[in-house]
Amino acid sequence: ADFPLDAASLAVVTGLAIVSIVFGNVAALGQSRFKRLLAYSSVAHAGYMIFALSDTTGSRASDLLWYTAFYGLATVLACASFAALSTDDDDLRMLDGKFATQPVASILLAIAVLSLAGLPPLPGFFAKLFVFKSVIASGHLVPAVIAFVGSFLGLAYYVGIVMRLFQAAPQRQATGPDLMTD
């Protein structure tokens, strides 16, 4: 059963959620390694789960369950797809132009990260929608708006991954001099 938080606990939970969402997304923005990017984005996703604790509508448990399930599935899909696309190196540059050579894994990675970003109609959108809907219905509009704005930071690095996948294949530089004959 959901129990309402007292004012002090609610302030701590809401503040921690917002800090987690903003910090995780800002820290992920500057990453060039896939594992670090996912680690920092996980901090942001933990913030959304913490945010669900401020719900007083009775949907807290189901919102957390859906969020955890959708987030977990998208993360597993992202990791599996990245592993199929890269070698042992987790540098994001490994993704450049991969759609041309590995379209299925590229599409699966794109779906996974766009779901993590919360874009409709993907499952991650509904996970965030359930949390935000309940938090707003609980009367916490201002913190919900702040958290929602913070979620747009994540969109930048997730879309960046997708753009890498679908860009033109990187040009290979010649290692020796061009031998031209007259």
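Read on for an overview of the structure. (Residues numbered from 1 in each chain as written. Predicted model: local features only at pLDDT ≥ 70, side-chain atom pairs only at ≥ 80, totals over all residues. Heavy atoms only, no water.)

Counting secondary structure elements, the protein chain contains 7 helices and 0 strands. The order of α-helices and β-strands along the protein chain, N terminus first, is α-α-α-α-α-α-α. Its C-alpha atoms put the protein chain at 85 × 25 × 25 Å along the principal axes. Put simply, the protein chain has 182 residues, and 41% of those count as buried. (Helix = DSSP H or I, 4+ residues; strand = E, 2+ residues; numbered from the N terminus. Buried < 20%, exposed > 50% of the residue type's maximum accessible area, 1.4 Å probe, protein only.)

Time to look at the packing of aromatic side chains. Evaluation of the coordinates by the stated rule reveals 12 aromatic pairs. With a centroid separation of 6.2 Å and an interplanar angle of 70 degrees, the aromatic rings of Y48 and F132 are classed as edge-to-face. On the criterion of sequence distance, the pair formed by Y48 in helix α2 (residues 34-51) and F132 in helix α6 (residues 123-137) is long-range, its members being 84 residues apart. Grouping residues by exposure puts Y48 and F132 together as buried. The interplanar angle of 35 degrees and the centroid separation of 5.3 Å between the aromatic rings of W66 and F70 together place this pair among those described as tilted. Taken as a pair, W66 and F70 lie in helix α3 (residues 60-85) at a separation of 4 residues, close to a single helical turn. A network of ring pairs unites the aromatic residues Y48, F51, Y67, F132, F148 and F152 as a single cluster. (Phe/Tyr/Trp six-rings, centres within 6.5 Å; stacked < 30°, edge-to-face > 60°.)

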